Amino acid sequence: MFDWNDLRFFLELQRSGRLLTAARRLNTTHATVARHIEAIEKSLGTALFVQHAQGYEMTPAGEALLKHAEAMENVALLAQEEITQSTAPLGKIRVGVTEGLGVKFLASRMIGLFERYPGLEVELVAVPRFVSILNREAEISIHLERPAADMLVTRKLTDYRLALYASQAYLDTAPPLHSREDLGKQAWIGYVDDLLFSQELMFLNSFCRSPRVVFHSTSVIAQQEAARSGLGIAVLPCYMAAADPGLVPLLPDEGIERSYWISTRRELHKSVRLRVVWDYVVGLCEAEQGLLRGQSG
C-alpha cells in the first residue's frame with residue numbers, strides 16, 4: 001500500500017501539469033515530487049502520468065486514482081474545518097469572478113461579511129477569463145455561462161442588464177444619435193473577438209449589424225475608461241456605468257440582459273466557511289437587484 005501522503009504530490013502534479021510548478025506550490029523540489037509519484041506508481045504497479053513536451057498528462061490509471069484522491073482530500077479538509085472551526089467560520093476562501101462584477105460590484109460590498117465573521121479571509125480572483133473550480137483555481141466561481149459538470153453545485157446568481165454609454169465629449173462631436181438606426185454611424189468600443197472567454201460577451205451585433213469598432217480590450221474596465229475618455233460607445237453593465245459621472249446613458253429602451261451563475265464543487269458545498277461566503281454573495285445580489293438590472297435611479 002502506498003503512503004497516503006504521496007497523494008498530495010499526485011494531486012498537485014495533476015493540477016499544475018509540471019514538476020517544477022508542483023514543487024513550487026508544495027514548497028519542495030521537483031526531485032521530491034518525482035520521488036513521491038514514483039512511489040505510488042511502484043506500489044500500484046502502473047504508470048500514472050505520461051510526460052510530453054507540454055507537461056505531464058494522466059494515464060487511464062491516473063484518471064481512476066484521481067477521483068479517489070480528490071475525495072480523500074475533501075474529507076480531510078472538511079474534517080479539519082469541523083474540528084478547528086466549530087464555533088465560528090475561519091480561514092480562507094478563494095472566489096473566482098468575472099472582472100466587472102468582482103472589481104466594480106463585489107469588492108466594495110464585502111465589508112459586511114468581515115464585520116460578521118472577522119476570522120474569515122477571502123481571496124477575490126477578479127480577472128477577464130474563466131476561473132476553474134475543477135482545477136482548484138477557486139472554491140467558488142461566478143461565470144457568465146452555466147457550468148455543465150455533474151460534480152458541481154450551481155445556481156443562477158442574478159440576471160443583470162447591459163446598456164449603451166458614452167461620454168458627453170464624444171456625443172458633442174459624433175454624428176447625431178436619436179434612434180437605433182443611428183448606431184451604424186458611431187464609433188464603438190468592444191472586446192477582442194478571438195480572445196473572448198465566453199460567447200455571452202458577443203453582444204455588439206445585438207445593437208448594430210456592422211459596428212465600426214475603433215478600440216478593443218479584453219478588459220471591461222478598460223472599455224469603461226475608453227468610453228469615459230471620449231473614444232466611442234461601449235456596452236457596459238448598468239451596475240458599472242449607471243453611477244459613473246463621466247458617462248451618459250444612450251437610448252434607454254435599448255439594452256440586453258445576461259446572467260451570472262455561481263458554482264462550487266459538490267463536496268465543498270458542505271463547508272461552513274464556504275457556505276458563509278456563498279450565502280453572503282447570493283444575498284448581496286438579491287438585495288441589489290435594482291442596480292444589477294438597471295432599474296435604480
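Predicted model only: the values in this text are computed from it and were never measured.

Draft legend 1. Summary view of the overall build of the chain. When helices and strands are tallied, the chain shows 11 helices and 10 strands. The buried share among the 297 residues of the chain stands at 47%. Across the chain, every contact between residues at least 6 apart in sequence was considered, and the portion connecting residues at least 24 apart equals 74%.

Draft legend 2. Quick peek at helix α8 (residues 220-229). Of the residues making up α8, those classed as buried are Val-220, Ile-221, Gln-223, Gln-224, Ala-226 and Ala-227. Backbone nitrogen of Ile-221 and a side-chain oxygen of the N-cap are separated by 3.2 Å at the start of α8; the cap is Ser-219.

Draft legend 3. View of the sheet that holds strand β7 (residues 187-190). Pairing is mixed across the open sheet formed by eight strands, whose spatial order is β4-β3-β5-β10-β6-β9-β7-β8. Each edge of the open sheet carries a strand with a single partner, namely β4 (120-127) and β8 (212-216). On average, each strand axis in the sheet is tilted by 30° relative to the strand beside it, whichever way the strands run. Summarising the sheet, β7 and β8 pair through four bridges and their orientation is parallel. Note on β8: the bridge partner recorded for Ile-189 is Phe-215. Packed onto the sheet, α8 meets β6 (152-166), β7, β8 and β9 (233-237) and runs at close to 135° relative to β9. This element, helix α10 (residues 272-287), spans β3 (91-98), β4, β5 (140-143), β6 and β10 (248-265) of the sheet and lies at about 35° to β6.

Draft legend 4. A look at helix α3 (residues 30-44). Taking 1.5 Å of rise per residue, the 15 residues of α3 would be expected to cover 21 Å, and the 21 Å separating its terminal C-alpha atoms lies within 8% of that figure. All of the buried residues in α3 are Thr-32, Val-33, Ala-34, His-36, Ile-37, Ile-40 and Glu-41. One or two positions beyond α3, positive phi appears at Gly-45, with a value near 75°.

Draft legend 5. Examining the pattern of salt bridges more closely. In the structure shown here, the tally under the stated rule is 15 salt bridges. Among the ionic pairs, Lys-185 bridges to Asp-182, the shortest N-O distance being 3.7 Å. Given a relative accessible area of 12%, Asp-182 falls into the buried group. Notably, a salt bridge pairs Asp-244 with Arg-228, separated by 2.4 Å at the nearest N-O pair. Taken together, the positions of Asp-244 in the loop between α9 (238-241) and β10 and Arg-228 in helix α8 put the pair 16 residues apart, joining distant regions of the chain. Given the relative accessible area of 29%, Arg-228 is considered partly exposed.

Draft legend 6. Molecular detail of the packing of aromatic side chains. By the definition in use, this model includes five aromatic pairs. Centre to centre, the rings of Phe-49 and Tyr-56 are 6.3 Å apart; their planes meet at 85°, and the pair counts as edge-to-face. In this structure Phe-49 comes out as buried when scored by relative accessible area, which is 9%. The class for Tyr-56 is partly exposed, based on a relative accessible area of 24%. Measuring from ring centre to ring centre gives 4.2 Å for Tyr-160 and Tyr-260, while their planes differ by 10°; the resulting arrangement is stacked. Within this pair, whereas Tyr-160 is found in strand β6, its partner Tyr-260 is found in strand β10, the two being separated by 100 residues in sequence. On the basis of relative accessible area, Tyr-260 is assigned to the buried category, the value being 3%.

Cut-offs used in this document
- Residues numbered from 1 in each chain as written.
- Predicted model: local features only at pLDDT ≥ 70, side-chain atom pairs only at ≥ 80, totals over all residues.
- Heavy atoms only, no water.
- Helix = DSSP H or I, 4+ residues; strand = E, 2+ residues; numbered from the N terminus.
- Buried < 20%, exposed > 50% of the residue type's maximum accessible area, 1.4 Å probe, protein only.
- Contact = heavy atoms within 4.5 Å.
- Polar contact = N/O pair within 3.5 Å; in protein donor to acceptor, adjacent residues only side chain to side chain.
- Pairing = 2+ DSSP bridges.
- Axes fitted to C-alpha atoms, helices over the stretch in contact; angles between N-to-C directions.
- Expected span 1.5 Å × (residues − 1).
- Salt bridge = Lys/Arg side-chain N within 4 Å of Asp/Glu carboxyl O.
- Phe/Tyr/Trp six-rings, centres within 6.5 Å; stacked < 30°, edge-to-face > 60°.

That is the geometry; function is a separate question.
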